[in-house]
Amino acid sequence: MQKTHISQPNTEIYQRATSTLTRGIDFLLTQQQEDGNFEGQLSSSTFPSCAFAWIQLAQGETPEKSLVDWFINNQNEQGAWGLDAANQSNPESTLFTKLILEQVSKNNPTQRLDQTISRIPHYPLYLALVKLTYAAFNQYDWQKLTVSKSALPLMKIMKKLARMPMLRTILKPPRNKLPPVDMFNTALFEELFIAEQHTLVPVFILIELNTSNRDDMIDALVTWLKSRVLSDGSWFRVNYITALSVLALIELNKNEYDDPDISDFINKGIEWLCATQNPDGGCREALNLNIWDTALSIIALTEVDAEYKDSSKVVHKAAQWLVEHQNENGGWAFSGLQDSTLPSDADDTALATLSIIRSNLESADAKRSVENGIEWLRQNQGKDGSWSTYQPGQGDVGCVSITAHAIEALFAYGNNEEYITRGVQWLRSNIKNEGYWDDLWLSKRTYGTACALIALVKAGYRDVPEITKGIQWLEQTQNADGGWGEDMFGHTTDSTVEQTAWCTYALLIVNSENQAAINGITFLLEHQRDNGSWQESCVGIYWEVIGGYTDPIYASVFPILALNQYIRNADLQC
């Protein structure tokens, strides 16, 4: 690739990096909330916005103007909608939006709305979750949504085969059909990823009410759904899942289902959805990621030398907030609730534990919190040495970035050689032939590769051949402007601040004189705003079916880590 030409001497880059870092820290400190946590507002996306509008239509209401305006304002040049803030044309989100806008137009037509609808390109219906919505508006056959229950034995066999790494990508479940309702309460259902379970149960209720309508099946599904509602009135603190759950309950009420609690659940769910609507009128996929945002902010601030900013009070307040929001089982959920109703996950547990260690918070509660977090990580390491999002074996697979973060936390705590060695072995064995690691949660190969390199180096595996391969892959995929960029599917895009920062940081951890890293630093210097922030990009992935999100915290913490590492390396060379 073409290298970015650096005209200024290294001393000038160093001086610019120092002032840029200081402004970046100043901005990050303004993002701390009154309670001590850090929290970035996630961007609006199409599926949760459509689902919120669907609720209003299901209640005989016209979706509010700000929501309709969001759809109109976010139609792209091709007349379509993207899954997320990247707004790359996507057939599924476009069909979902088209249906919603057509329903709005029936009751409240406007010239602007009609013009928007007329520009929408034609796509064939494919995704089962979108077909479900069309069925709800009598534009698709409910009977055609699912595969036959006679397919359950075959699904069981395919599930076992899919555990083999060589077959996992080949034997993915079909996207154009939903599983049969009879899958509920079977071993197959119990093995699904937790978010899939929360999505399917309200979907099964809607299908069952409009097909077989078996009382015992509906009762079992409703019992499951009611048992999973959180203390704040949401399900899983995720908008699309909460919206589907509310829609299922609305349909139950229309069918005169005998349960006096349902109306209360509907009202609380809608109240939660309204409270999480973004100022732009759209809806975000999850309420927040304040555990992750807080942990990342602490890690970034504790990496920085004290001479730049005395942030110990800020760090201690943030760390104490994490201690207070730890679940009873020793882990942390992705969003802070103080009643342990949202399940712990490995990534938030690893980063929260690491950040409290780094904070040097010395209270007895903090020490106990760290010990419990470390024990949770030990107990939830998979048999293969990896860490998955939630608990291994429950519809989950090992994740590169999560495994890397768990290794970092265990290494920082000390005396965890057995767990670290197994995690490192898994990381080394999961590098792709091309030299990258693929990740589940952020975009994607850059993030997985950067996390793996950082964890291997910090754990003392600097000289393994995978380090060399990973560096070569990062160097080869750098854009001509000195940055890195890719979408959730691994396709190259324009450079983003976040991906450039984490790739640069990883390269600098390995080699302070890496030219690609210097080019990355130059990119970061050139793209900082006057207020010390950087433009956030859509690098977060919730679920590939639904899309991703932007988080402004990411666009601060990762550049801070990269810039600080560059300055630290330069200081050591002097």
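Remember, predicted model here, so these are calculated numbers, not experimental data.

Definitions and limits used
Residues numbered from 1 in each chain as written. Predicted model: local features only at pLDDT ≥ 70, side-chain atom pairs only at ≥ 80, totals over all residues. Heavy atoms only, no water. Pairing = 2+ DSSP bridges. Helix = DSSP H or I, 4+ residues; strand = E, 2+ residues; numbered from the N terminus. Core = buried A, V, L, I, M, F, W, Y, C linked by side-chain atoms within 4.5 Å. Buried < 20%, exposed > 50% of the residue type's maximum accessible area, 1.4 Å probe, protein only. Contact = heavy atoms within 4.5 Å. Phe/Tyr/Trp six-rings, centres within 6.5 Å; stacked < 30°, edge-to-face > 60°.

Where strand E5 (residues 540–543) meets strand E6 (residues 547–549), three bridges bridge the pair, whose relative direction is antiparallel. In the sheet register, Trp543 faces E6, and the bridge partner there is Gly547. Connecting the antiparallel pair E5 and E6 is a turn made up of three residues.

Here we take up the nonpolar core. In this structure, Trp54 and Phe236 are the most contacted members of the largest nonpolar core, which totals 196 residues. If we ignore the near neighbours within four places in the chain, the residues touching Trp54 are Phe96, Ile100, Leu132, Thr133, Ala136, Phe137, Leu206, Leu244 and Leu247.

Phi is positive for Asn87, close to 55 degrees, though the residue is something other than glycine. By relative accessible area, Asn87 is classed as partly exposed at 23%. Unlike most non-glycine residues, Asn213 shows phi in positive territory, near 55 degrees. Here Asn213 is to be found in the loop between helix H10 (194–209) and helix H11 (215–227).

The next thing to look at is the packing of aromatic side chains. Per the counting criterion, the structure on display carries 17 aromatic pairs. Between the aromatic rings of Phe193 and Trp441, the centroid separation amounts to 6.5 Å while the plane-to-plane angle is 45 degrees, which identifies the pairing as tilted. Highlighted residues: Phe193 in the loop between helix H9 (187–190) and H10 and Trp441 in the loop between helix H19 (417–429) and helix H20 (445–458), separated in sequence by 248 residues. By relative accessible area, which is 15% here, Phe193 ends up buried. Of the residues examined, Trp441 reaches a relative accessible area of 22% and is grouped as partly exposed. Taken together, the ring pairs connect Trp292, Tyr447, Trp502, Tyr549, Tyr554 and Phe558 into an aromatic cluster.

Structural measurements only, silent on function.
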